[in-house]
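# Survey of secondary and tertiary structure
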Amino acid sequence: MMFICDTMLGRLSRYLRMLGLDAPCANSPASAGAWEHTGLQPYFFTKRLKAPRYERTVHIRSDRIMEQLAEIRPIIAPHVMPEAVMSRCIECNVPLVATAREDVEHYIPEYIYHHYAGFKQCPSCKKVYWSGSHTEKMKKWIENIITNHQ
Ligand SMILES: [Zn+2]
C-alpha cells in the first residue's frame, strides 16, 4: 500500500517512511509514480481543499505533525509492520540495504562506528542508518502505534 503525501506534507511523509511505509511526495496521485500495476489504490494525504479529484483523498486538518499522525492513524496502523520499521530511507523513500560496518566507515562518525551495529544504507543518497538512529521519543511513538493496533 502506498501513502502519497502532498508536497506540502513533506514532514508527514518522513514520519511515515520511518514506520517503513511507502510514502512518496507528489502533487497528485497521478504523478506519484507507477502504482496501477499493484492493484492497490494509494491514499492521498493533502491539506488542500481543492485537491485533485481522487477517490482516496484524505484531508489533513492539523498543522502539527503529531496531530496529523493521529488523524491518519486508523488508516496507517494496519499497515505498519514491526519488522519494516526503519527499513526505508527517510529522505528518499527507498528501501535500505543491509551493509557491513567497514563499508560505511566513511559515512558515519567514529563513535557510531565503534559502538553500534546493524548498519543499513540508502542506495540512493548513501545515508547510513543504524540500530539507535531513532531517539527514545521516536521509539516510544512507533511502539505505541504498533502495540495499540494489535
Ligand atoms: Zn536516501
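Residues numbered from 1 in each chain as written. Predicted model: local features only at pLDDT ≥ 70, side-chain atom pairs only at ≥ 80, totals over all residues.

Looking now at the nonpolar core. In terms of nonpolar packing, the biggest core is built from 15 residues, with Phe-3, Ile-4, Cys-5, Leu-12, Leu-16, Leu-21 and Phe-45 touching the most fellow members. When residues of this core are traced back to their parent elements, those giving at least two are strand 1 (3–5), helix 1 (10–18) and strand 2 (43–46). Cys-89, Leu-96, Val-128 and Tyr-129 belong to the second-largest nonpolar core, a separate cluster that totals seven residues. (Core = buried A, V, L, I, M, F, W, Y, C linked by C-beta atoms within 7 Å. Buried ≥ 20, exposed ≤ 12 C-beta atoms within 10 Å, placed from the backbone. Helix = DSSP H or I, 4+ residues; strand = E, 2+ residues; numbered from the N terminus.)

Glancing now at helix 1. Among the residues making up helix 1, those that are buried are Leu-12, Ser-13, Tyr-15, Leu-16 and Arg-17. On its buried side, helix 1 packs onto strand 1, strand 2 and helix 2 (65–76). (Contact = placed C-beta atoms within 7 Å.)

Where helix 1 meets helix 2, the axes come as close as 11 Å, and the angle between the chain directions of the two elements is 50 degrees. When the axes of helix 1 and helix 2 are compared, the pair comes out oblique. Crossing angle aside, the handedness with which helix 1 passes helix 2 is right-handed. Here Arg-11, Leu-12, Tyr-15 and Leu-16 of helix 1 come into contact with helix 2, specifically with Ile-65, Gln-68, Leu-69 and Ile-76. (Axes fitted to C-alpha atoms, helices over the stretch in contact; angles between N-to-C directions. Parallel < 35°, antiparallel > 145°, perpendicular 65-115°, else oblique. Left-handed = near helix turned anticlockwise from the far one by under 90°.)

Our next topic: the pairing of strand 2. Along strand 2, one buried face is formed by Tyr-43 and Phe-45 and the opposite face, lined by Phe-44 and Thr-46, is buried too. Summarising the sheet, strand 1 and strand 2 pair through three bridges and their orientation is parallel. For Ile-4, the partnering residue across the bridge sits in strand 2 and is Phe-44. Looking at chain direction, strand 2 and strand 3 (residues 57–59) are connected through three bridges and run parallel. When the bridges of strand 3 are listed, Phe-44 appears paired with Thr-57. (Pairing = 2+ DSSP bridges.)

The subject of this paragraph is the domain arrangement of the protein. By domain assignment, the protein separates into domain 1 (3–84) and domain 2 (91–133). The gap between the C-alpha centroids of domain 1 and domain 2 is 26 Å. (Domains from an automatic or database assignment.)

With parallel pairing, the three strands of this open sheet are ordered in space as 1-2-3. For this open sheet the edge positions go to strand 1 and strand 3, each flanked by a neighbour on one side alone. Between one strand and the next, the sheet's axes are offset by a mean angle of 25 degrees, whatever the strand orientation.

What follows concerns the environment of Thr-46. Along the chain, Thr-46 falls in strand 2. C-beta crowding within 10 Å serves as the criterion here: with 22 such atoms nearby, Thr-46 is assigned to the buried category. Thr-46 sits 100 residues away from Ile-146 along the chain, and the two C-alpha atoms are 24 Å apart. Here Thr-46 is in contact with Asp-6, Ala-51, Thr-57, His-59 and Ile-60, once residues within four sequence places are set aside.

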